[in-house]
Amino acid sequence: MQGQDGERDRRGARNGGESPAGAPACDSSAEVPAGAPDAEPRRGRPRSAAAERAILDAVIALLEAGEPLAGLSIERIARTAGVGKATIYRRWSGKEELFVDVVRDMEPTDPPLSGTAGLADLRVMLESLRTRGLAQRSSVLLVNIFAQMKSHPKLWEEYHGTVIAPRRVAMLEAVRRAVAAGELRDDLDVELIDDLFVGPMLVRTVHRPDAPLPDDLADRIITALLQGLAPAARV
């Protein structure tokens, strides 16, 4: 697809540790024969940011060329990136984990949270949700990738478990901090409060792709919730 280079945020490779022990592999037995010298991650081996960047870019290039997610093999990705298959398996347990990192690389980076504030951190996360919505609207490739992900249960489960679920946990923790600080009512279910904050933004970003996403949307949602929807009492 043309015009996608301007839509992607070409960030450097994400830093991080090796895959957790016991993480499920996808097609690894087919791609790397049992007993191959580099089939398993090597503890302590230096990670190459350049190699990771080449691998992520290779997947994006193949998707831009019209290759479906289901049709991408580790061998094809490695050949396009100019690396060995073992180089990919040292960083990702399989295709699902790799594809999730590709999506995270294309999306705006999650902003840092204070970890101590309540409403302030809620606002940061709502604004992050808005900017991700804007990024998806501006990228036909991202829209296409998400559509394909949802039709592949294992891939969607990996994305949900490693990306969506941690964001929800962070949101719930911020709600609890806001309740403890007296910024929000303490007589409501915390998950309900969380849904009340996130729901309007999700409707705008996911369910209503034609709806405007103005810069002050997060503030307007928070203000409306704090003030309530009942009309002002008449004097």
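Values in this document were obtained by computation on a predicted structure and should not be read as measured data.

Parameters at a glance
- Residues numbered from 1 in each chain as written.
- Predicted model: local features only at pLDDT ≥ 70, side-chain atom pairs only at ≥ 80, totals over all residues.
- Heavy atoms only, no water.
- Axes fitted to C-alpha atoms, helices over the stretch in contact; angles between N-to-C directions.
- Helix = DSSP H or I, 4+ residues; strand = E, 2+ residues; numbered from the N terminus.
- Parallel < 35°, antiparallel > 145°, perpendicular 65-115°, else oblique.
- Contact = heavy atoms within 4.5 Å.
- Nonpolar A, V, L, I, M, F, W, Y, C, P; charged D, E, K, R; others polar.
- Buried < 20%, exposed > 50% of the residue type's maximum accessible area, 1.4 Å probe, protein only.
- Polar contact = N/O pair within 3.5 Å; in protein donor to acceptor, adjacent residues only side chain to side chain.
- Salt bridge = Lys/Arg side-chain N within 4 Å of Asp/Glu carboxyl O.

A.B. asks: Before we go on, may I ask you to explain the packing of helix α6 (residues 119-138) against helix α9 (residues 190-207) in this structure?
C.D. replies: In a packed pair of helices, the relevant descriptors are the angle between the two axes and the axis-to-axis distance. Orientation of α6 relative to α9, taken along the N-to-C sense of each, is 10°, at an axis distance of 10 Å. By the angle class used here, α6 and α9 are roughly parallel. Only Phe 197, Val 198, Met 201, Leu 202, Arg 204 and Thr 205 of α9 make contact with α6, whose side of the interface consists of Leu 119, Leu 122, Leu 126, Leu 129, Arg 130, Gly 133 and Arg 137. Tallied by class, the residues present in the contact of α6 with α9 amount to eight nonpolar, two polar and three charged.

A.B. asks: Even after reading the chapter, I still don't get the environment of Thr 131, so can you show me in this structure?
C.D. replies: By secondary structure assignment, the location of Thr 131 is in helix α6. The exposure class assigned to Thr 131 is partly exposed, which follows from its relative accessible area of 26%. A C-alpha to C-alpha distance of 7.2 Å links Thr 131 and Pro 108, two positions 23 residues apart in sequence. Within the structure, Thr 131 has its side chain in polar contact with the backbone oxygen of Ser 128 (distance 2.8 Å).

A.B. asks: Even after reading the chapter, I still don't get the pattern of salt bridges, so can you show me in this structure?
C.D. replies: Opposite charge on two side chains makes pairing possible when the charged atoms of those side chains draw close. Within the structure shown, the criterion is met by 16 salt bridges. Two residues, Arg 167 and Asp 110, come together in a salt bridge whose shortest N-O distance is 3.1 Å. Here Arg 167 is found in helix α8 (residues 153-180), whereas its partner Asp 110 is found in the loop between α5 (95-106) and α6, with 57 residues between them in sequence. Overall, Asp 110 belongs to the partly exposed group, its relative accessible area being 37%. One salt bridge connects Arg 177 with Asp 121, and the closest N-O pair in it is separated by 2.8 Å. With Arg 177 in helix α8 and Asp 121 in helix α6, the pair connects residues that are 56 residues apart, well separated along the chain. One salt-bridge network, in which partners are shared between bridges, spans Glu 107, Asp 110, Arg 132 and Arg 167.

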